[in-house]
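Chain residues, written in single-letter form:
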Amino acid sequence: MISCPISDIKLIPIEKFEDERGSIEVLYKSNFPIDFKIVQLNQSYCKKGTLKGIHYTSDMSKLIRVISGEIIEIVIDMRKDSPDFLNGYHITLDKNTGWIYIPKGFGNCMYFSSDSIVEYLFDVEFLKSEQIYLNIFDKNIKFPYNNIDYLNNLDRKSLIRSEKDKIGMSVKKWLSL
């Protein structure tokens with residue numbers, strides 16, 4: 001398991017065994033290095049250029065991995081009592097990266113740098129009605145652990161985004177709820 005600069009975010013490699021017959025990957029087992037109970041498994045396909053804005057549910061942890069393609073996973077610390085509050089961290093994920101663990105109290109955003117299939121494990125049932133959609137371009141979100149703010153280098157006009165992501169609320173509005 002590899003720690004990221006923001007506490008509690010973890011990269012968990014997938015064990016792979018190969019021989020002349022082929023290979024097998026151990027995706028998940030009961031002694032996983034985090035406390036996580038699988039309640040729901042989702043898989044999505046997104047086209048190159050898709051940006052999924054900050055999706056946040058305070059009581060949900062996620063495990064995310066890329067099955068094919070490549071994404072930029074952006075994790076935002078939404079814990080109001082954290083020294084990393086509103087700090088973001090981005091990392092490139094592909095099929096060889098393994099899982100990224102996003103614990104309760106974090107929002108996440110994905111930019112699909114290629115056509116990609118992504119798998120999500122949730123520790124609670126995913127309900128769209130309980131999701132908060134925040135504006136990923138809000139200037140209150142900082143990226144102190146990366147050399148660049150990856151998002152500022154994207155051509156915003158060419159991004160593929162849902163209507164909910166296009167009108168995501170500001171951090172200021174979220175804080176006033």
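Model, not experiment: these values are computed from the prediction.

Undergrad: I keep staring at the layout of surface pockets and nothing clicks. Help me out?
TA: Here the idea is plain: a probe the size of a water molecule rolls over the atoms and shows the empty space left. Each pocket or cavity is described by its volume, and for the largest pocket that value is around 410 Å³. Elements represented by at least two residues in the lining of the largest pocket include exactly β5 (40-46), β6 (51-56), β11 (106-112), β12 (116-122) and α1 (163-166). Here the lining of the largest pocket gets four residues from one element, more than from any other, and that element is β6.

Undergrad: I tried to follow the environment of Asp-8 on my own but got confused; where do I start?
TA: Along the chain, the position of Asp-8 falls in the loop between β1 (2-3) and β2 (10-12). For the pair Asp-8 and Arg-65, spaced 57 residues apart in sequence, the C-alpha separation works out to 17 Å. Sequence-distant contacts of Asp-8, defined by excluding residues within four places in its chain, comprise Arg-79, Tyr-101, Pro-103 and Phe-106.

Undergrad: What should I look at first to understand empty space enclosed by the protein in this one?
TA: Under the defined criterion, the tally for this structure stands at one cavity of 30 Å³ or more. Each residue belonging to the lining of the largest cavity can be placed in one class, and the counts come to three nonpolar, two polar and two charged.

Undergrad: Sorry, what's going on with the environment of Leu-27 here?
TA: With respect to the helices and strands, Leu-27 occurs in the loop between β4 (22-26) and β5. Beyond its immediate stretch of four places on either side in the chain, Leu-27 contacts Ile-14, Phe-32, Arg-65 and Trp-99.

Undergrad: Please explain the environment of His-55 as it appears in this structure.
TA: Mapped onto the elements of the fold, His-55 is located in strand β6. A relative accessible area of 16% means that His-55 is categorised as buried. The contact partners of His-55, leaving out residues within four places of it in the chain, are Lys-62, Gly-107, Asn-108, Gln-131, Ile-132, Tyr-133 and Asp-165.

Undergrad: Explanation requested: the sheet that holds β12 in the structure shown.
TA: Taken together, the six strands give an open sheet; going across it, the order is β1-β2-β10-β7-β12-β5, and neighbouring strands pair in antiparallel fashion. The open sheet has two edge strands with one neighbour each: β1 and β5. By the bridge criterion, three bridges tie strand β7 (residues 62-68) to strand β10 (residues 99-102) in an arrangement that is antiparallel. Looking at the pairing, Lys-62 lines up with Ile-102 of β10.

Undergrad: In this structure, what is going on with unusual backbone geometry? I would like to understand it.
TA: Note: most peptide bonds trans; most residues except glycine with negative phi. Backbone geometry at Asp-8 places phi at a positive 85°, although glycine is not the residue there. Its relative accessible area of 36% is what places Asp-8 among the partly exposed residues. One non-glycine residue, Leu-86, lies in positive phi territory at about 65°.

Undergrad: For this particular structure, what's the right way to read the sheet that holds strand β8 (residues 70-77)?
TA: Hydrogen bonding along the main chain pairs the strands of a sheet, whether they run parallel or antiparallel. Overall, antiparallel pairing links the five strands, which are arranged β9-β8-β11-β6-β13 in an open sheet. On the outer flanks of this sheet lie β9 (88-94) and β13 (132-134), each paired with one strand and no other. Sheet twist, expressed as the average angle between the axes of neighbouring strands with direction ignored, equals 25°.

Undergrad: For this particular structure, what's the right way to read the packing of aromatic side chains?
TA: The description of an aromatic ring pair uses the distance of the two centres, along with the angle that the planes make with each other. Inspection of the entire model under this criterion finds six aromatic pairs. Ring geometry for Tyr-28 against Phe-32: centres 4.5 Å apart, planes inclined by 45°, an arrangement best described as tilted. Residue classification places Phe-32 among the buried residues on the basis of a relative accessible area of 12%. Between Tyr-56 and Trp-174, the ring centres sit 5.6 Å apart and the planes meet at 85°, which makes this aromatic pair edge-to-face. Remark: Trp-174 occurs in helix α2 (residues 171-176) and Tyr-56 occurs in strand β6; sequence separation between them is 118 residues. Residues Tyr-56 and Trp-174 agree in their burial class; the two are buried.

Conventions adopted
Think of each chain on its own: its residues are numbered from 1, step by step along the sequence as written. Under the rules for a predicted model, residues below a pLDDT of 70 receive no local features and side-chain atom pairs below 80 are neither given nor counted, while totals for whole chains, interfaces and linings still include all residues. For the side-chain quantities, the full set of heavy atoms in the structure was used; hydrogens and water were omitted. Residues are said to line a cavity or pocket when one of their atoms sits within 4 Å of a point; the points come from a 1 Å grid over protein atoms alone, cavities being sets where a 1.4 Å probe fits but cannot get out and pockets being open sets with protein on both sides within 12 Å along at least five of seven lines. Grid points are joined across faces, edges and corners, and a volume is the space filled by probe spheres set on the points. Only runs of H or I of at least four residues qualify as helices and only runs of E of at least two qualify as strands under DSSP, and these elements are numbered from the N terminus. When checking whether two residues touch, look at their non-hydrogen atoms; a contact exists if any pair is within 4.5 Å. Three residue categories are used. Nonpolar comprises Ala, Val, Leu, Ile, Met, Phe, Trp, Tyr, Cys and Pro, charged comprises Asp, Glu, Lys and Arg, and polar comprises the others, including Gly. Only protein chains enter the accessibility calculation, which uses a 1.4 Å probe; a residue whose area is less than 20% of its type maximum is buried, one above 50% is exposed, and one in between is partly exposed. When DSSP locates at least two bridges between a pair of strands, those strands are taken to pair. Inter-axis angles, ranging from 0 to 180 degrees, are taken between N-to-C directions of lines fitted to C-alpha atoms, where helices are fitted over the stretch in contact. Centre distance within 6.5 Å is the pairing criterion for rings of Phe, Tyr and Trp, where only the six-membered ring of Trp is used; planes under 30 degrees apart are then read as stacked, over 60 as edge-to-face, and the remainder as tilted.

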